[in-house]
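Residue-level structure breakdown
What follows is the residue order along each chain.
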Amino acid sequence: MVQVIQIIEELFRQPPVAFDPAKSTLKAWIMFCLRDRGFKVVYAERGDFAIQMRGGEKIYFRITENPTDLDTSVAWIVRDPSTNQISVIPPS
């Protein structure tokens, strides 16, 4: 899982398209970027979405721009609106 988190962080250092809140939501943009790079993004009850691995294992993600009091049972994709930087926080 650590390797997947690192790959996702690298993806958002140079995303395929820049985030534009006038064109899409943060969640839609993140899911687009992940699918563009070949990740299988699926529906998830425990998060905003999940990435399904080849063995069927899923990593559940939630998205936020306010990284306070995060649920540690899922991974988080956090966007800092002031710098437009994305960080990925793995589950505990």
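Numbering of residues starts from 1 in every chain and runs along the sequence as written. Only residues with pLDDT of at least 70 are given local features in this predicted model, and only at 80 or more are side-chain atom pairs given and counted; all residues enter the totals for whole chains, interfaces and linings. With hydrogens and water set aside, each side-chain value is computed from the structure's full complement of heavy atoms.

Here we come to the packing of aromatic side chains. Only Phe, Tyr and Trp rings are paired, with Trp represented by its six-membered ring, and only when their centres lie within 6.5 Å; those with planes under 30 degrees apart are stacked, over 60 edge-to-face, the remainder tilted. Taken as a whole, this structure holds three aromatic pairs when the rule is applied. Ring geometry for F49 against F61: centres 5.6 Å apart, planes inclined by 15 degrees, an arrangement best described as stacked. With F49 in strand β2 (residues 49-52) and F61 in strand β3 (residues 58-64), the pair connects residues that are twelve residues apart, well separated along the chain. We classify F49 as buried; its relative accessible area is 0%. Numbered from the N terminus, helices here are DSSP runs of H or I no shorter than four residues, and strands are runs of E no shorter than two. Here the term buried applies to any residue with accessible area under 20% of the maximum for its type, exposed to any over 50%, and partly exposed to those in between, with areas from a 1.4 Å probe on protein chains only.

Let's shift gears to the nonpolar core. To qualify as a nonpolar core, a set must consist of buried Ala, Val, Leu, Ile, Met, Phe, Trp, Tyr and Cys residues joined through side-chain atoms within 4.5 Å. In this structure, I8, F12, W29, I30, L34, F49 and F61 are the most contacted members of the largest nonpolar core, which totals 23 residues. Secondary-structure elements contributing two or more residues to this core are α1 (2-13), α2 (26-36), β2, β3, β4 (75-80) and β5 (85-89). Ranked by the residues each element gives to this core, the list is headed by α2, at six residues. Dropping the residues within four chain positions of it, L34 is found in contact with I8, L11, F12, F39, V41, F49 and I51. Contact definition: two residues touch when any of their heavy atoms are within 4.5 Å.

Once their charged atoms are close, side chains differing in charge can pair, the charge on each being opposite to the other. The salt bridge definition used is simple: a Lys or Arg side-chain nitrogen within 4 Å of an Asp or Glu carboxyl oxygen. Under the criterion given, the structure shown has four salt bridges. Where R13 meets E10, a salt bridge forms, and the shortest distance between an N and an O atom there is 2.6 Å. On the criterion of helical spacing, the pair formed by R13 and E10 is a turn pair, its members being three residues apart in helix α1. Looking at R13, the relative accessible area reads 55%, which means it is exposed.

Below, the discussion takes up the side chain of R79. In this fold, R79 is placed in strand β4. Here E65 takes part through its side chain, which lies 2.3 Å from a polar atom of the side chain of R79. If near-sequence neighbours (up to four positions away) are discounted, R79 is found in contact with F19, L26, T64, E65, N84, Q85 and I86. Any N or O atom pair separated by 3.5 Å or less is treated as a polar contact, with the protein-specific requirement of one donor-capable and one acceptor-capable atom, and with residues adjacent in sequence counted only for side-chain atom pairs.

In most cases, non-glycine residues show a negative phi, while peptide bonds are predominantly trans. With a phi angle near 55 degrees, D69 is a residue other than glycine that sits in the positive phi range. Residue placement: D69 occurs in the loop between β3 and β4.

Here β2 pairs with β3 via four bridges, running antiparallel. In the sheet register, A50 faces β3, and the bridge partner there is Y60. A loop of five residues connects β2 with β3, the two strands running antiparallel in sequence, and G56 in this loop sits at a positive phi of about 95 degrees. In this structure, β3 lies alongside β4, joined through four bridges in parallel fashion. By the bridge assignment for β4, F61 is matched with A75. What makes two strands pair is DSSP finding at least two bridges between them.

The next subject is α1. Taking 1.5 Å of rise per residue, twelve residues should cover 16 Å, and α1 covers 17 Å from first to last C-alpha, within 8% of that figure. Next to the buried residues of α1 lie α2, β2, β3, β4 and β5. Every helix has an expected span of 1.5 Å times one less than the residues it contains.

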